[in-house]
Amino acid sequence: MRILVTGATGTLGGALVPALLRSGHRVRALSRTKREDRGNVEWVWGDLVSGNGLAEAVRDVDVIAHLATGGRKGRGAVDVTGTRKLVAAARQAGYPHLLYTSCVGADSVASGHLRHKLEAERLVCESELGWTILRSTHFHQALDRRLSDFESLPVLAVDRSMPWQPVHTGEVAARLNELIAAGPAMDELEYGGPQVLNTEELVRTWLQAKGLHRPCLPVRFPGSLYAAQRAGELLTDAEPKGRITWHDHLFPASVELSDDFASEHTASPTSPANQPEQDPDLHVYGGDEGYERPTRG
Ligand SMILES: NC(=O)c1ccc[n+]([C@@H]2O[C@H](COP(=O)([O-])OP(=O)(O)OC[C@H]3O[C@@H](n4cnc5c(N)ncnc54)[C@H](OP(=O)(O)O)[C@@H]3O)[C@@H](O)[C@H]2O)c1
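Residues numbered from 1 in each chain as written. Predicted model: local features only at pLDDT ≥ 70, side-chain atom pairs only at ≥ 80, totals over all residues.

(A) Here's a closer look at the overall build of the protein chain. Within the protein chain one finds ten helices and eleven strands. Out of the 297 residues in the protein chain, the part that is buried amounts to 49%. For the protein chain, the share of sequence-separated contacts (at least 6 apart) that also reach a separation of at least 24 residues comes to 79%. (Helix = DSSP H or I, 4+ residues; strand = E, 2+ residues; numbered from the N terminus. Buried ≥ 20, exposed ≤ 12 C-beta atoms within 10 Å, placed from the backbone. Contact = placed C-beta atoms within 7 Å.)

(B) Fine view of unusual backbone geometry. With an omega dihedral of 0°, the bond running from Glu239 to Pro240 counts as a cis peptide bond. The backbone of Asp60 sits at a positive phi, close to 60°, despite the residue not being glycine. Structurally, the position occupied by Asp60 is in the loop between helix H2 (54-58) and strand S4 (63-66). The phi angle at Glu128 is positive, at roughly 70°, despite the residue not being glycine. Its place among the elements puts Glu128 in the loop between helix H4 (112-125) and strand S6 (131-136). By C-beta crowding, Glu128 is classed as exposed, having 10 other C-beta atoms within 10 Å.

(C) Representation of the nonpolar core. Formed by 59 residues in total, the largest nonpolar core has its most connected members in Ile3, Val5, Leu16, Ile64, Ala65, Leu99 and Leu176. Ranked by the residues each element gives to this core, the list is headed by helix H3 (residues 77-92), at six residues. In this structure Ala65 touches Ile3, Val5, Leu16, Leu99, Leu176 and Ile180, once residues within four positions along its chain are discounted. Val104, Leu118, Leu225 and Tyr226 belong to the second-largest nonpolar core, a separate cluster that totals ten residues. (Core = buried A, V, L, I, M, F, W, Y, C linked by C-beta atoms within 7 Å.)

(D) Highlighting the packing of H3 against H4. Where H3 meets H4, the closest approach of the two axes is 8 Å, and the angle between their N-to-C directions is 10°. Between H3 and H4, the angle falls in the class roughly parallel. The handedness of the crossing between H3 and H4 is right-handed. Contact residues: Asp79, Val80, Thr83, Arg84 and Val87 in H3; His116, Lys117, Glu119, Ala120, Leu123 and Val124 in H4. Taken together, the residues of the contact of H3 with H4 sort by class into five nonpolar, two polar and four charged. (Axes fitted to C-alpha atoms, helices over the stretch in contact; angles between N-to-C directions. Parallel < 35°, antiparallel > 145°, perpendicular 65-115°, else oblique. Left-handed = near helix turned anticlockwise from the far one by under 90°. Nonpolar A, V, L, I, M, F, W, Y, C, P; charged D, E, K, R; others polar.)

Given below as structure tokens:
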């Protein structure tokens, strides 16, 4: 199949593109940065918010894996406006299967970024295309980067009452690949990591992996999203679930993890992976949106 991947330069896209190629699919990858085709990846330039380039991007594709997001700071421009424009372009192009990636909790936590994810889900469900939605829990790679932003702090504030169920992007990509092969599910599915950890467990394992020693100061994060996370709204019992633990991710010698696409294709200058966020409001662990755009200091 020919598959358009939006968000191909992002955290999950970096795992999905090689997984699709290994399955024998032809990949068209969308980015706001122009780049040369490489190997079996055809790059197309486009911007979901303006709609520029979308007609060319969706032409003759069987499936659209729609991963692109503006994250917490995007204020819905990519997730809502961009999804609306992508749906319109897809309808013009012959109704390919639209697979949309969302977040666990989008349907129950009416807060910030998750509100935008739910609105985008609604656009997908009502698109009259064949569709599938996969809601995931936080990605290992995104949490790892987020914690790295606080590496220089002498003390780390942790809320032990906050549960996390992180999942590896390689496994989310494999699940997406299965869903693509299965065809439109016309359903919202969930996918989470193998274990639930509290913030202190998460942080202590991470400190150990980085060889750092920092005292952890117990705190209680305020706000409605933290309350929802505390109540377990960002967790899922759905099966199948990932098998790679947070520990496995941080101590990769214990399992075989590959991210070949990421090593071959550097993220574009506009990609969130290349945009350190200097946000004084950004909380250490948890953010206020269920997950944060990855940041790199
Ligand atoms: N991160 C998590 O922990 C997590 C957890 C659950 C679900 N999810 C969901 O998984 C999906 C992928 O997340 P991610 O963390 O991999 O994303 P990410 O690393 O933040 O990457 C965002 C991607 O969106 C693209 N993008 C941003 N604005 C765009 C625009 N105006 N037009 C076209 N493309 C645009 C970027 O491409 P260019 O910069 O190359 O244009 C980039 O590839 C999202 O739907 C997200 O909601 C994420």
